[in-house]
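Here's the letter readout for the chains.
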Amino acid sequence: MKHTLTDPAGHRHDGHSVPSHHHDGHAPSAGHHHGHDASPSLGGHRHGDPLAGPMRERPAATGAPTAPGVGAVIGWVAGRPISREPLERRVRELRDSPLNAALPVPGSSEDRQLARWLTQVILTEALCEDEAAARGLTPLETGPLDPTAAGETGPLDPLAAVELGSINAAAYNGSPWVRALFEHVTATAEVPPEWRSPVPAQGVARHDVRHRVFADHADAAAATADDLEPLGPVTLGSLPAAIADAIPRRPYGMLVGPVEDALGWHVAVAHPEPTPPTRSPSNPGTVSRREAARRRMFARWLDELRAAKVELVPGLEHPGDPRQPDNHHKH
């Protein structure tokens, strides 16, 4: 299968891309994922409720490095051993590609981090293939020329790749099973309340008002609109009652008053504030926020699934795991 991987900076490469060897192999996701490929895994709740529950650490790498009938393995997915051959093949293809000049020196700390990063991508693809098949999903191929076509989805743009996390993004771009699972799991995702823009209160009419209080009736009677002070868009209820009651009785744009109360003689002129455009789901800002919410939901859900079903082999831990000796990335 041809794999399109996304490195921690969000760059895509056809073939096998690779994270920069100056990075520890993980990228911050949008929201609160800084320092990990996705958010910390969540426990104590169902997969369908990915935003609740206490944090828990990534499991330690304790799996056996070999399996009967398989030989060397890179990990275990729901008890199924995953052969080391795909990892060696991807590393070999990278070494034979034009990307070779950007790869770390073989045997170096950065080279081991590259192997860990590729291992996480391979295990994520295997995990999602099992999960999607168990749910009866159909593989979702990429369709860059027509991302809206049925059964197809376009590749991630750089920002989306960073939000999803480099490992998840590489698996998404490289595996039709990951894409199918993403669409299925995030179908009900909603924009969190804290991400939404304030919506003006509905049902309370506002007017663009100019107003002034005069001490003398003659001065008030001789006033023009230019003599009044602009108040901006206000509700009539915020004005003194005498002038607020009088404004609706005159056509918009005409002087109202003089009207007397304890403060003096009021004169005003008002225009209705234009009705703001109705917020629509088709608004690009609304759509982009929902897509970001879907990516956050999937990253958290997938991190929980990995914690529950993936067993890592010592030496091939997550590149961002602080317990492994090659994790030198500091914040």
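Residues numbered from 1 in each chain as written. Predicted model: local features only at pLDDT ≥ 70, side-chain atom pairs only at ≥ 80, totals over all residues. Heavy atoms only, no water.

A look at the overall build of the protein chain
Test applied: Secondary structure follows DSSP: runs of H or I at least 4 residues long count as helices, runs of E at least 2 residues long count as strands, and numbering of each begins at the N terminus. Between buried and exposed lies partly exposed: a residue is buried under 20% and exposed over 50% of the maximum accessible area for its type, with that area taken using a 1.4 Å probe on protein chains only. We call two residues contacting when some pair of their heavy atoms lies within 4.5 Å. Note on areas: Shrake-Rupley with a 1.4 Å probe; residue coverage comes only from the protein chains shown.
From N to C terminus, the protein chain includes eight helices and 12 strands. In the protein chain, which comprises 331 residues, the share counted as buried stands at 44%. Within the protein chain, contacts between residues at least 6 apart in sequence are counted, and of these 64% link residues at least 24 apart. As displayed, the protein chain has an accessible area near 16700 Å², and 56% of this comes from carbon and sulfur atoms.

Re the sheet that holds strand 11 (residues 264-272)
Sheet strands line up and pair through hydrogen bonds in the backbone, either parallel or antiparallel. Here is the rule: Any two strands are treated as partners once DSSP identifies two or more bridges connecting them. Every angle, taken between N-to-C directions, lies between 0 and 180 degrees, and every axis is a line fitted to C-alpha atoms, over only the stretch in contact when it is a helix.
Strand order in the open sheet formed by four strands is 9-8-11-10, with antiparallel pairing between adjacent strands. Taken across any chain shown, the strands that pair with only one partner, and hence form the sheet edges, are strand 9 (229-234) and strand 10 (256-261). Each adjacent strand pair in this sheet contributes to an overall mean axis angle of 30°, direction not counted.

Side note on the packing of helix 2 (residues 109-134) against helix 4 (residues 166-174)
Put simply, the rule is: Orientation is classified from the angle alone, with under 35 degrees giving roughly parallel, over 145 giving roughly antiparallel, 65 to 115 giving roughly perpendicular, and any other angle giving oblique. Two helices cross in a left-handed way if the nearer one is turned anticlockwise from the farther one by less than a right angle. They cross in a right-handed way if the turn is clockwise. Note on residue classes: Ala, Val, Leu, Ile, Met, Phe, Trp, Tyr, Cys and Pro are nonpolar, Asp, Glu, Lys and Arg are charged, and everything else, Gly too, is polar.
Two elements in contact, helix 2 and helix 4, have axes separated by 9 Å at closest approach and are oriented at 50°. Taken together, the axes of helix 2 and helix 4 lie oblique to each other. Between helix 2 and helix 4 the crossing geometry is right-handed. Mapping the contact onto sequence places Trp117, Gln120, Val121, Thr124 and Glu125 in helix 2 and Ser166, Ile167, Asn168, Ala170, Ala171 and Gly174 in helix 4. Looking at the contact of helix 2 with helix 4, its residues break down into five nonpolar, five polar and one charged.

Considerations on unusual backbone geometry
Backbone torsion omega between glycine 257 and proline 258 reads 5°, so that peptide bond is classified as cis. Inspection of the secondary structure puts proline 258 in strand 10. For alanine 78, which is not glycine, the phi torsion reads 50° and is therefore positive.

Some points on the nonpolar core
Defined as follows: Each nonpolar core is a collection of buried residues, namely Ala, Val, Leu, Ile, Met, Phe, Trp, Tyr and Cys, held together in the definition by side-chain atoms within 4.5 Å.
Ranked by size, the top nonpolar core spans 43 residues in total, and within it Leu181 and Phe298 carry the most contacts. Looking at this core, the element that brings in the most residues is helix 2, giving 11 residues.

Topic: the packing of aromatic side chains
For clarity, the threshold we go by: Each aromatic pair joins two rings of Phe, Tyr and Trp (for Trp, the six-membered one) with centres within 6.5 Å, and gets the label stacked for planes under 30 degrees apart, edge-to-face for over 60, and tilted for any other angle.
Inspection of every chain in the model, using the stated rule, returns three aromatic pairs. With a centroid separation of 5.2 Å and 75° between ring planes, the pair formed by phenylalanine 182 and phenylalanine 298 is classed as edge-to-face. One end of the pair, phenylalanine 182, is in helix 5 (residues 176-185); the other, phenylalanine 298, is in helix 8 (residues 284-309), with 116 residues separating them in the sequence. Residue phenylalanine 182 is classed as buried on the basis of its relative accessible area of 4%. Residue classification places phenylalanine 298 among the buried residues on the basis of a relative accessible area of 0%. Pairing phenylalanine 298 with tryptophan 301 gives two aromatic rings, centres 6.0 Å apart and planes at 20°, and the pair type is stacked. You can see phenylalanine 298 and its partner tryptophan 301 sitting in helix 8, three residues apart, about one turn around the helix. The burial state of phenylalanine 298 is the same as that of tryptophan 301; both residues are buried. By way of ring pairs, the aromatic residues Tyr172, Phe182, Phe298 and Trp301 are connected into one cluster.

Details of helix 5
Counted only if it meets this: In protein, a polar contact means a hydrogen-donor-capable atom and an acceptor-capable atom, both N or O and within 3.5 Å, with residues adjacent in sequence counting only if both atoms are side-chain atoms; elsewhere, any N or O pair within 3.5 Å suffices.
Of all 10 residues that make up helix 5, eight are buried, and the element is covered over most of its length. Capping of helix 5 at its N-terminal end is provided by serine 175; its side-chain oxygen lies 3.2 Å from the backbone amide nitrogen of tryptophan 177.

So, the confidence of the model for the protein chain
The line we're drawing: Confidence of the predictor at the level of single residues is captured by pLDDT, which takes values from 0 to 100.
Here the protein chain shows a mean pLDDT of 76. Residues at 70 or above account for 69%. Contacts for the low-pLDDT stretch residues 20-57, under 50 throughout, to residues beyond four places or in other chains number 112 contacts. Per-residue pLDDT stays below 50 along residues 143-151; that stretch engages in 10 contacts with residues further than four places along the chain or on separate chains.

Comments concerning the packing of helix 1 (residues 85-95) against helix 2
Put simply, helix 1 and helix 2 touch, their axes get as near as 10 Å, and they point 125° apart. Taken together, the axis directions place helix 1 and helix 2 in an arrangement best described as oblique. Considering only the axes of helix 1 and helix 2, their crossing is right-handed. In contact with Pro86, Leu87, Arg90, Val91, Leu94 and Arg95 of helix 1, helix 2 contributes Asp111, Leu114, Ala115, Leu118, Thr119, Val121, Ile122 and Glu125.

Thoughts on the side chain of histidine 266
With respect to the helices and strands, histidine 266 occurs in strand 11. Reaching out from histidine 266, the side chain makes a polar contact with the side chain of aspartate 261 at a distance of 2.8 Å. If we ignore the near neighbours within four places in the chain, the residues touching histidine 266 are His211, Arg212, Val213, Pro240, Ile243, Val256, Gly257, Pro258, Val259 and Asp261.

Comments concerning the pairing of strand 4 (residues 71-77)
Summarising burial for strand 4: five of the seven residues are buried, a large majority. Of the pairings in the sheet, the one linking strand 3 (residues 66-67) to strand 4 comprises two bridges and is antiparallel in character. Across the sheet, the residue bridging to threonine 66 is alanine 72, located in strand 4. Linking two consecutive strands that pair antiparallel, namely strand 3 and strand 4, is a turn of three residues; a positive phi of about 80° is found at glycine 69 within it. Looking at chain direction, strand 4 and strand 5 (residues 80-83) are connected through four bridges and run antiparallel. Residue pairing for strand 5: valine 77 is matched across the bridge by arginine 80. Remark: two residues form the turn of the hairpin made by strand 4 and strand 5, two consecutive strands paired antiparallel; alanine 78 in that turn has positive phi of roughly 50°. Bridge analysis of strand 4 against strand 12 (residues 310-312) gives three bridges, and the strand direction is antiparallel. Paired with valine 77 across the strands is valine 310, a residue of strand 12.

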